[in-house]
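Chain residues, written in single-letter form:
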Amino acid sequence: LVIDGGKMSKSVGNVVDPKVLVDRYGSDAIRYFLLREIAFGQDGNFTNEALITRINSDLANDFGNLVSRTVAMIEKYFNGRLPSEQAGNEFDQSIQELVAQSIPKVEGHMEKLLFNEALSDIWAIVRRLNKYIDETTPWVLAKDEANNPSLANIMYTLIEGIRIVSVMIQPFMPRTPIKVWEQIGISEGDLTTWDSIKTWGAIPKTLSVKKGDIIFPRIDIEKELAQLEENTQKKKEQQSKRRTVH
């Protein structure tokens, strides 16, 4: 992929205007796609379908849904504020170990400008947190108030994991972390520095959350591709008319 004069040029000679994509999907989604799909400094392929598929799978389904589900569960089970009494479970250690192992790996990838590898390791944490929800089944625990300490711990683990991921993606997606922090009850400061993620459990135990807009709404791929094709066709017709006039 070659970016030249504001245009993303494909080897076949077609041109994609990044401004159109940014206006439609947001700059962070486009940055994520390009950095994840294409090795830094190398050429790569771009298709609208690949972009939308990546947005849906990684940003909407994996990360956006993780944030939304977690905040929604804390609001539903604890009226938006976690209690101080929390009891760990057998899966917590694996989460903390993965995070501890991933941070130096991501740092190493970034030093070598291997941004796609860095994002891959970050998303391994995101997917592990989603799996953690399935393993711990909070919706089952919520049926009995006696399980509240265990349930609160699960929510805390998810929020702390989300906080750490939000800090790790800052260099790649600068707008998204702020939206996450607003929902998990923190602001830019000590809890959003890179050093803060090297110690598990930095976020307060009795944190409060506030549900907000969906960070990355899922896109109907068939309708979206049809709309993009229609827009492209209209643009070609307009360009053809301008050439005819000249």
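Here the structure is a predicted model, which means the values were calculated and not measured. (Residues numbered from 1 in each chain as written. Predicted model: local features only at pLDDT ≥ 70, side-chain atom pairs only at ≥ 80, totals over all residues. Heavy atoms only, no water.)

Colleague: Go over the side chain of N56, please, and point to the residues and values.
Modeller: Position of N56 among the secondary structure elements: in helix α3 (residues 48–78). Under the relative-accessibility criterion, N56 is labelled buried at 5%. Not counting chain neighbours up to four residues away, the residues in contact with N56 comprise N61, R218 and I219. (Helix = DSSP H or I, 4+ residues; strand = E, 2+ residues; numbered from the N terminus. Buried < 20%, exposed > 50% of the residue type's maximum accessible area, 1.4 Å probe, protein only. Contact = heavy atoms within 4.5 Å.)

Colleague: So what's going on with helix α1 (residues 18–25)? Residues and values would help.
Modeller: Along α1, the residues classified as buried are P18, L21 and Y25. With its buried residues spanning 60° around the axis, α1 presents them on a single face. Structural note: α1 exposes K19 and D23 on the side pointing more than 90 degrees away from its buried face. Directly beyond the C-terminal end of α1, a positive phi value near 95° is found at G26. (Arc of directions from axis to C-beta.)

Colleague: How would you sum up the pattern of salt bridges? Please name residues and give values.
Modeller: Counted according to the given criterion, the structure contains 10 salt bridges. Note that R54 and D58 form a salt bridge whose closest N and O atoms lie 2.8 Å from each other. Of this pair, R54 and D58 both sit in helix α3, 4 residues apart, which is roughly one turn of the helix. A salt bridge links E107 to K198, with the shortest nitrogen-to-oxygen separation between them at 3.2 Å. With E107 in helix α4 (residues 92–111) and K198 in the loop between α8 (176–184) and α9 (221–245), the pair connects residues that are 91 residues apart, well separated along the chain. You can call E107 partly exposed: its relative accessible area is 24%. (Salt bridge = Lys/Arg side-chain N within 4 Å of Asp/Glu carboxyl O.)

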